[in-house]
Amino acid sequence: MNWGNPYNWDAADWQQATWGERFMFIDPYFWSYFGVGLALATSIIGASWGIFVTGVTLLGSTVKAPRIRSKNLISVIFCEAVAIYGVIMAIIMIGKVQTIESYPDGQEDECYTTALFNGYSLFWTGVSVGLSNLICGIAVGVTGSGCAISDAQTPETFVKILVVEIFGSALGLFGVIVGIIQCSGATFLKNCTS
């Protein structure tokens, strides 16, 4: 069953089709894997951006106060956790994708609609998880940067800013929780029955 191409459509039918009809016939597995890729890629981009911002500031701050270099590595670890959140969600999402092996005669439309729902669900899960982890990585990176600068000047501020950084890191965890809730209803069934 090739869902990517609607049956009995020629070039004129494609030209007259609305955008909604065209999106309707994009393979549901494309939407699923695209969502998995978005969750993974944007989480890694957020983590790398945060590590970049924190790392540069940490290296610059150790010129004035070499004592902060090991203590402030916790900011880099928080940024790396953002990438791990994306990997965890990608594993959860990819576990929901299965090939439909059989479907009842005359029920192709219902099976296709179910698969399309699952594909869209995993796509939007990837968008929400990816964006939350991208923002989380930037927030943790900027906060870690400020933590390194302030710790170099006044060591007493380290713990206070670290608490703020922990709350920033929780944004990514909230994104993972929302993603798990979003994709909980999306499961491709091996045997499509209505």
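Residues numbered from 1 in each chain as written. Predicted model: local features only at pLDDT ≥ 70, side-chain atom pairs only at ≥ 80, totals over all residues. Heavy atoms only, no water.

Caption draft 1: Quick peek at the packing of helix α3 (residues 28–64) against helix α5 (residues 73–94). Viewed as axis vectors pointing N to C, α3 and α5 meet at an angle of 175 degrees, and their least axial separation amounts to 8 Å. In this view, α3 runs roughly antiparallel relative to α5, as classed from their interaxial angle. Each of Tyr 33, Gly 35, Val 36, Ala 39, Leu 40, Ser 43, Ile 44, Ala 47, Gly 50, Ile 51, Thr 54 and Leu 58 in α3 lies in contact with α5, whose residues at this interface are Leu 73, Ser 75, Val 76, Cys 79, Glu 80, Val 82, Ala 83, Gly 86, Val 87, Ala 90, Met 93 and Ile 94. Residue classes in the contact of α3 with α5 are distributed as 17 nonpolar, six polar and one charged. (Axes fitted to C-alpha atoms, helices over the stretch in contact; angles between N-to-C directions. Helix = DSSP H or I, 4+ residues; strand = E, 2+ residues; numbered from the N terminus. Parallel < 35°, antiparallel > 145°, perpendicular 65-115°, else oblique. Contact = heavy atoms within 4.5 Å. Nonpolar A, V, L, I, M, F, W, Y, C, P; charged D, E, K, R; others polar.)

Caption draft 2: Region of interest: the UniProt feature "domain: V-ATPase proteolipid subunit C-like" (unreviewed entry) in the protein. UniProt annotation of "domain: V-ATPase proteolipid subunit C-like" (unreviewed entry) refers to residues 34–93 and 124–181 when read in the numbering used here. Taken as a whole, residues 34–93 contains 93% helix and 0% strand, while its terminal C-alpha atoms sit 11 Å from one another. Summarising residues 124–181: 95% helix, 0% strand, and an end-to-end C-alpha distance of 12 Å. (UniProt positions renumbered as here; feature names shortened; annotations may be inferred.)

Caption draft 3: The arrangement of the nonpolar core in detail. Grouped together as the largest cluster of nonpolar side chains are 19 residues, with contacts concentrated most on Tyr 29, Met 89, Met 93, Val 97, Ile 100, Leu 122 and Phe 188. Secondary-structure elements contributing two or more residues to this core are α3, α5 and α6 (108–153). When residues of this core are assigned to their parent elements, the largest contribution, five residues, is made by α5. Formed by 10 residues, the second largest nonpolar core is a distinct cluster that contains Phe 78, Val 82, Cys 136 and Phe 158. (Core = buried A, V, L, I, M, F, W, Y, C linked by side-chain atoms within 4.5 Å. Buried < 20%, exposed > 50% of the residue type's maximum accessible area, 1.4 Å probe, protein only.)

Caption draft 4: Spotlight on the environment of Pro 66. Take Pro 66: it is sitting in the loop between α3 and α4 (68–71). Remark: the alpha-carbon pair of Pro 66 and Ala 152, spanning 86 residues in sequence, is separated by 8.3 Å.

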